[in-house]
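Listed here are the chains, written in short residue letters.
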Amino acid sequence: ARDIPDEIASQNRIYETLIQDYDDLVSRIRNIGVSVVDIFLPSNLKRYDGDSELFSSSELMIVIHRLEQAFRQEDGILLIVNHAHVINNNNFVLSYLLIYKANIFKTSETVHEMISHEVQRIIGQMHIWRIQIISRDGMLQRIFPKESFSGKLKSKTDKQAFRNKFLRYFLSSIFLLKLDKGQELKHYEEMKHVSLN
């Protein structure tokens, strides 16, 4: 097993790569936007009587893999940062930060609608009412009333503030949570070739 200094060094490399990816995007693409979404998935959701739990770690990886496939097929999605965690015995939470082309997705809400549509396609109409897909735009606006960390980043100053204040915080919080990732989740992450940043 990897010890903590090795894990920290690995996470620092991923962190630096993600920051560099953002810098590259900003230098190449003028019109970008940000959407931050949490997807709450109940661990006890079953497809039908007698079925195993739908959101075991293996099923969670399938959902993540299918979502990432859908995002890769969207020309307007430029960068995806995600993490998964268990908030209690009854819920998984998938958190996504997506950077998108603002000339394709006109608002963060259109990205949220696209994610909702994809989750419904993956989960199915029968169970979608048990899933919560929450846009964090309003929360970010309340926490940072004088800055723009969701929707279209209009100026160079907005993009720099997002990078230095919110993106760094978001990435750091992922890595703190990742240190506590269970072995079962790590196993399925490797088996399904899914990257939880």
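Residues numbered from 1 in each chain as written. Predicted model: local features only at pLDDT ≥ 70, side-chain atom pairs only at ≥ 80, totals over all residues. Heavy atoms only, no water.

Caption draft 1: Structural detail: the overall build of the chain. Scanning the chain for helices and strands turns up 6 helices and 5 strands. Mapped from its N terminus to its C terminus, the chain presents α and β elements in the order α-β-α-β-β-α-β-α-β-α-α. Across the 197 residues in the chain, those meeting the buried criterion constitute 47%. The contacts of the chain with a sequence gap of at least 6 include a subset with a gap of at least 24, amounting to 70%. Carbon and sulfur atoms provide 49% of the accessible area of the chain, an area that totals close to 10,900 Å². (Helix = DSSP H or I, 4+ residues; strand = E, 2+ residues; numbered from the N terminus. Buried < 20%, exposed > 50% of the residue type's maximum accessible area, 1.4 Å probe, protein only. Contact = heavy atoms within 4.5 Å. Areas by Shrake-Rupley, 256 points an atom, 1.4 Å probe, with all protein chains shown as cover.)

Caption draft 2: Up close: the environment of Leu25. In this fold, Leu25 is placed in helix H1 (residues 4-28). On the basis of relative accessible area, Leu25 is assigned to the buried category, the value being 5%. Linking Leu25 and Leu78, residues 53 residues apart in sequence, is a C-alpha distance of 7.8 Å.

Caption draft 3: Inspection of the side chain of Arg163 at higher detail. In this fold, Arg163 is placed in helix H5 (residues 156-178). The class of Arg163 is buried, set by a relative accessible area of 12%. Engagement of the side chain of Arg163 in a polar contact is seen with the side chain of Asn164, the distance being 2.8 Å. In contact with Arg163, other than residues within four places in its own chain, are Ile19, Tyr22, Asp23 and Arg168. (Polar contact = N/O pair within 3.5 Å; in protein donor to acceptor, adjacent residues only side chain to side chain.)

Caption draft 4: Layout of the nonpolar core. Ile39, Leu94, Ile115 and Val119 are the most contacted members of the largest nonpolar core, which has 26 residues in total. Looking at this core, the elements with two or more residues in it are strand S1 (32-42), helix H2 (57-73), strand S2 (77-88), strand S3 (91-101) and helix H3 (108-123). Among all residues touching Ile39, those that are not within four sequence positions of it are Leu67, Phe92, Val93, Leu94, Tyr96, Ile115, Val119, Ile131, Gln132 and Ile133. Listed in part, the 22 residues of the second largest apolar core include Val81, Leu97, Ile99 and Leu167. (Core = buried A, V, L, I, M, F, W, Y, C linked by side-chain atoms within 4.5 Å.)

Caption draft 5: Expanded view of the confidence of the model for the chain. In this model, the chain carries a mean pLDDT of 80, and residues with pLDDT of at least 70 account for 78%. Element-level pLDDT for the chain is lowest in helix H6 (residues 183-191), with a mean of 53, against a maximum mean of 93 in strand S5 (residues 151-153). Across residues 177-181 the pLDDT falls below 50, and counting only partners more than four positions away or on other chains, this stretch makes 12 contacts in the model. Here residues 192-197 is a poorly scored stretch, pLDDT under 50, and it has 28 contacts once near neighbours within four places are set aside; other chains count. (pLDDT = per-residue confidence, 0-100.)

Caption draft 6: Here's a closer look at H1. Here H1 is 25 residues long and its end C-alpha atoms lie 36 Å apart, about the 36 Å a rise of 1.5 Å per residue gives. For H1, the complete set of buried residues consists of Glu7, Ser10, Gln11, Tyr15, Leu18, Ile19, Tyr22 and Leu25. (Expected span 1.5 Å × (residues − 1).)

Caption draft 7: Structural detail: the pattern of salt bridges. In this structure the tally under the stated criterion is 4 salt bridges. One salt bridge in this structure joins Arg163 and Asp23, with 2.6 Å as the shortest N-O distance. Note that Arg163 is positioned in helix H5 and Asp23 in helix H1, a separation of 140 residues in sequence. In this structure, the salt-bridge partner of Asp38 is Arg136, at a minimum N-O distance of 2.8 Å. You can see Asp38 sitting in strand S1 and its partner Arg136 sitting in the loop between strand S4 (132-135) and helix H4 (137-143), a full 98 residues away along the chain. (Salt bridge = Lys/Arg side-chain N within 4 Å of Asp/Glu carboxyl O.)

Caption draft 8: Structural context of the environment of Lys156. By the secondary structure assignment, Lys156 is in helix H5. Along the primary structure Lys156 and Val26 are separated by 130 residues, whereas in three dimensions their C-alpha atoms are 8.7 Å apart.

Caption draft 9: Representation of the packing of aromatic side chains. Evaluation of the coordinates by the stated rule reveals 10 aromatic pairs. A ring pair is formed by Phe166 and Tyr169, whose centres lie 6.3 Å apart and whose planes are at 50°; its orientation type is tilted. Separated by 3 residues within a single helix, Phe166 and Tyr169 lie in helix H5, roughly one turn from each other. Judged by its relative accessible area of 4%, Phe166 falls in the buried class. Cluster of aromatic residues (ring-pair linked, three or more members): Tyr22, Phe144, Phe149, Phe162, Phe166, Tyr169 and Phe170. (Phe/Tyr/Trp six-rings, centres within 6.5 Å; stacked < 30°, edge-to-face > 60°.)

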